[in-house]
Each structure stands twice: as C-alpha cells, then as structure tokens.
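Chain residues, written in single-letter form:
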Amino acid sequence: MKITRTHAVAAVKILISCAFFYILFSFVQTNELLKIFARIDWLYFSLSFLLIPVMLSASCLKWQVILGRRARHIRFGQLLRIYMVGYFFSNLLPSTVGGDVIRSYYAGRLLDNQALAAVSIFIERFTGILLLFFLVAIAPLCAPELYGNPYIFLPAAAGLVLFGMTLCMWWVKDPFALPRQILSFVFRCLYAMTTGSALSVLRRGVVFLEDGSQALLAKLQKVREELTVALDAFRDDRIYLVKVLLLTVIFYVLTWVNVYVSFRAFGVRPEFLYVCALVPAILFAAHVPVTLLGNLGYFESVFVFYFLIIGIPGAETLAMGLLLRMKMLTLGLIGYVMYLFYTHKKQGEFENLEDFARQ
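An account of the accompanying structure is given in this report.

## Observations concerning the overall build of the chain
Link 1 in the chain: When helices and strands are tallied, the chain shows 15 helices and zero strands.
Link 2 in the chain: Counting every position in the chain, which comprises 359 residues, the buried fraction comes to 44%.
Link 3 in the chain: Considering only intrachain contacts with a sequence separation of at least 6, the fraction spanning at least 24 residues in the chain is 74%.
Link 4 in the chain: When the accessible surface of the chain is split by element, carbon and sulfur atoms take 68% of a total near 19,400 Å².

## Focus on the pattern of salt bridges
Here the idea is simple: oppositely charged side chains can pair when their charged atoms come close.
Link 1 in the chain: Taken as a whole and judged by the stated rule, the model has five salt bridges.
Link 2 in the chain: Of the charged contacts, one joins Asp100 and Arg103 as a salt bridge, the two residues approaching to 3.0 Å between their closest N and O atoms. Within this pair, Asp100 and its partner Arg103 are both found in helix H5 (residues 99-111), separated by three residues, close to a single helical turn.
Link 3 in the chain: On the basis of relative accessibility, which here comes to 28%, the residue Asp100 falls in the partly exposed class.
Link 4 in the chain: Arg103 sits in the buried class, given a relative accessible area of 2%.
Link 5 in the chain: Here Glu300 ties to Arg325 by a salt bridge, and the two come within 2.7 Å at their closest N and O atoms. Here Glu300, found in helix H13 (residues 298-308), pairs with Arg325, found in helix H14 (residues 314-340); they are 25 residues apart in sequence, far enough to count as distant.
Link 6 in the chain: Members of the salt-bridge network, linked through shared partners, are Asp100, Arg103, Glu124 and Arg125.

## Considerations on helix H11 (residues 272-286)
Link 1 in the chain: Helix length check: H11 (15 residues) gives 20 Å between terminal C-alpha atoms against 21 Å at 1.5 Å per residue, within 8%.
Link 2 in the chain: Summarising burial for H11: 11 of the 15 residues are buried, a large majority.
Link 3 in the chain: All buried positions along H11 are accounted for by Val275, Cys276, Ala277, Leu278, Val279, Pro280, Ala281, Ile282, Leu283, Ala285 and Ala286.

## A closer look at the side chain of Glu124
Link 1 in the chain: For Glu124, the location among the structural elements is in helix H6 (residues 114-138).
Link 2 in the chain: Here Glu124 is in contact with Ser59, Lys62, Trp63, Ile66, Tyr83 and Arg103, once residues within four sequence places are set aside.

## Looking at a nonpolar patch on the surface
Link 1 in the chain: A surface patch of nonpolar side chains, about 380 Å² in accessible area, is lined by Leu178, Ile182, Phe185 and Val186.
Link 2 in the chain: Note on placement: Val186 falls in helix H8 (residues 177-193).

## Brief notes about the nonpolar core
Link 1 in the chain: Val259, Phe263, Leu278, Ile282, Phe303, Tyr306 and Phe307 are the most contacted members of the largest nonpolar core, which has 33 residues in total.
Link 2 in the chain: Elements represented by at least two residues in this core include exactly H6, helix H10 (238-264), H11, H13 and H14.
Link 3 in the chain: For Phe307, the contacting residues outside a window of four places in its chain are Val259, Phe263, Val275, Leu278, Ile282, Ile312 and Thr317.
Link 4 in the chain: Within the second largest apolar cluster, 26 residues are counted, among which are Ile102, Tyr105, Tyr106 and Leu110.

## Some details on the side chain of Ser59
Link 1 in the chain: Counting through the fold element by element, Ser59 comes out in helix H3 (residues 42-67).
Link 2 in the chain: Those residues in contact with Ser59 that sit more than four places away from it in its chain are Tyr83, Glu124 and Phe251.

## Overview of the packing of aromatic side chains
Link 1 in the chain: In this structure the tally under the stated criterion is 20 aromatic pairs.
Link 2 in the chain: Both rings, one in Phe45 and one in Phe49, keep their centres 5.1 Å apart while their planes meet at 50°; by these two values the pair is tilted. Here Phe45 and its partner Phe49 are both found in helix H3, four residues apart, which amounts to about one turn of the helix.
Link 3 in the chain: We classify Phe45 as buried; its relative accessible area is 15%.
Link 4 in the chain: Measuring from ring centre to ring centre gives 5.4 Å for Tyr105 and Tyr106, while their planes differ by 75°; the resulting arrangement is edge-to-face. Here Tyr105 matches Tyr106 in class, with each residue buried.
Link 5 in the chain: Here the aromatic residues Phe88, Phe89, Tyr336 and Tyr339 are joined through ring pairs into a cluster of three or more.
Link 6 in the chain: For Arg103, the ring lying beneath its charged end belongs to Trp63, and the centroid distance is 4.9 Å.
Link 7 in the chain: Lying over the aromatic face of Tyr83, Arg103 brings its terminal NZ or CZ to 4.2 Å of the ring centre.

Rules used throughout
- Residues numbered from 1 in each chain as written.
- Predicted model: local features only at pLDDT ≥ 70, side-chain atom pairs only at ≥ 80, totals over all residues.
- Heavy atoms only, no water.
- Helix = DSSP H or I, 4+ residues; strand = E, 2+ residues; numbered from the N terminus.
- Buried < 20%, exposed > 50% of the residue type's maximum accessible area, 1.4 Å probe, protein only.
- Contact = heavy atoms within 4.5 Å.
- Areas by Shrake-Rupley, 256 points an atom, 1.4 Å probe, with all protein chains shown as cover.
- Salt bridge = Lys/Arg side-chain N within 4 Å of Asp/Glu carboxyl O.
- Expected span 1.5 Å × (residues − 1).
- Patch = residues over 30% accessible without salt bridge, like charges linked within 9 Å, V, L, I, M, F, W, Y side chains within 5 Å.
- Core = buried A, V, L, I, M, F, W, Y, C linked by side-chain atoms within 4.5 Å.
- Phe/Tyr/Trp six-rings, centres within 6.5 Å; stacked < 30°, edge-to-face > 60°.
- Lys NZ or Arg CZ within 6 Å of the ring centre and 35° of its normal.

In structure tokens form, the structure reads like this:
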C-alpha cells in the first residue's frame, strides 16, 4: 500500500494526540480523576447533556436563516440530520472529509445548487469566527486583571488584529495590492542575493517560499470573493444580518453555559464571569488543527492550561473536558446512525464525498 502525504499527516496528528493525552494523564493522577468522576452531580450532568440539542438547534437555525427563501422547501429536520452527519465526520471519522464538506455536499443536493450550499456554510463559519475574534479581545473585560497574563493578552491582541484585518479584507476594494507589492520586492531582493551556483540550495528555498506565499494569497483572494457574496447578502437585508448575528451571540452564550454546567457536574463552581473571560481564548487556541477527531487531546489540554490560570486544578478541568468530549462523541454516534439511514446515500457515496472534498 502506497503511503500518501494525507496518510503521513494523519499519522503525525494521531501521534500528537497521543502525546497530549500522555502529558495530561502524567500531570493528573488517575486515582484523583476517578474520585472526581465518582462524585458526579447527576442533576448538572443531565443538564449538560440537555444543552446538546439546544446548542445544535441554535446552530442549525442560524444555517436555515442564512439559506433563507432559497431553501424554503427544506425542512428544519432535514438540515438537522445533515448537521448531525457532519458531526460524525468531524468527530469520529479520521478522514480528509470534514463536517463542513459533508453539510455542503448534502445541502447542495437538496438545493440542487452546490455553490449556494457552500456559500451558506462559509457565511455561517465566517460570522462565527469573526465574532470569536471580537470576543477574544473583549471578553477578558469580564475579569480585567486577566489582561496582565500574556496567555490572555496575546490572544486578545491577535483577535483584535485579525478582527480588523478581516473587516479590512471585507471592505477594501483590493486589500492584497500592497502585500503583493511588498512580497514582489522581497523576493526580487532574495533572488538577487542567491544568484550563483554555490547558492542554488538557498535559491530553491526562495522559490519554495514564493510559491507558498502565492498559494496563500490565492486562498485569501478566494475567501475575499466569498466575503463579497456575504456582504452583498447582508446589504440587501439588514434584518437578515441582525438575525444571523443574534443567533451567533446566542450560540456563544450557550457555549459559556455549557462549560459552566459541565464544571458543576463535578462539583466545581467557577465564577461565571471567569468562564466568559477564558472560553473565547480557549476556543481561539483550540481552532488550530493539531490533531484528528475534533482535535482530540489538544482540545482538552487547552482547557486544562487556561483554567489553571484561575486556580482550578487540572484534574477537575480534565474531567470537564472529557465530559465535553463525551458529548461530542455522542453527537457523532447519532450522526453515524443518521448517515447509515440517510435517504440520499447511494453506493459509492463516500468516494463521491472524497472527490468533492478535493475540489
């Protein structure tokens, strides 16, 4: 069997995931973790699981609002099933096909318009990420003393910069004109410095960097084109914009409640304002695709690291993080069942999805 680059990347991510869990469980004693699970508050444990359909419905409702009149013939239940199937691919299947690709594919078949489905998911993700950038910067105002910690201040500064850059990329007519000129000047200088056979290795490195920068600019240009589509939709209907933003805010409020209630399931009572201050930075850091299966291992490690800042022991936070993971796996398993019985599934469907993901 030929080992492809995809297989190699997946293997590396699995190793990284195992390394994170090894560090976590070497840091937290197993007996201590078992004691924490033995004192579960079943009321809050149940409430934690009851939040799953609420959060899922809020996300799906936002997607339905984005699709608007063009998807009036698609029932909310159909979108919910597609969302669940997406969770299966994101959290249980070590595949290059992610949940967003799945949702785009199946929604496109229902709409008979793959482009519209892809744009709707882009708008959903974009508004969520844009608000996250903003929250990373301002949420620590709930506990202003946290800005003194570099692990809070630096993500806050990065979130503010990324928020401004995104708005600039959205509104400026040609936001990449200056970066292209700067890169062109830099690479001309580098090529001039690496002339001659003795520097051929360095020159190949410069070529590699230039190709990479051009590919990055091309991807950013594609994102900008999709942003233009989103902006046009928002300009045409301000109520539509308000609905999308409101549902995005509701989702993040539910995320804070989800973390708080999951802590309470193990008898831990963090200050809710501290949860509000820390969770955006955690989600910001956890978005880095370090491991497979919903950033398995890395996701839990980020939670442990950040809640240590406010004095919550690692064992309690790890238990909470494992509960969050359990809920994601539960959604994935339900999504798997729905995928098996999905009415549009045909022979060779997974291969079609793989081809669609590469486009």
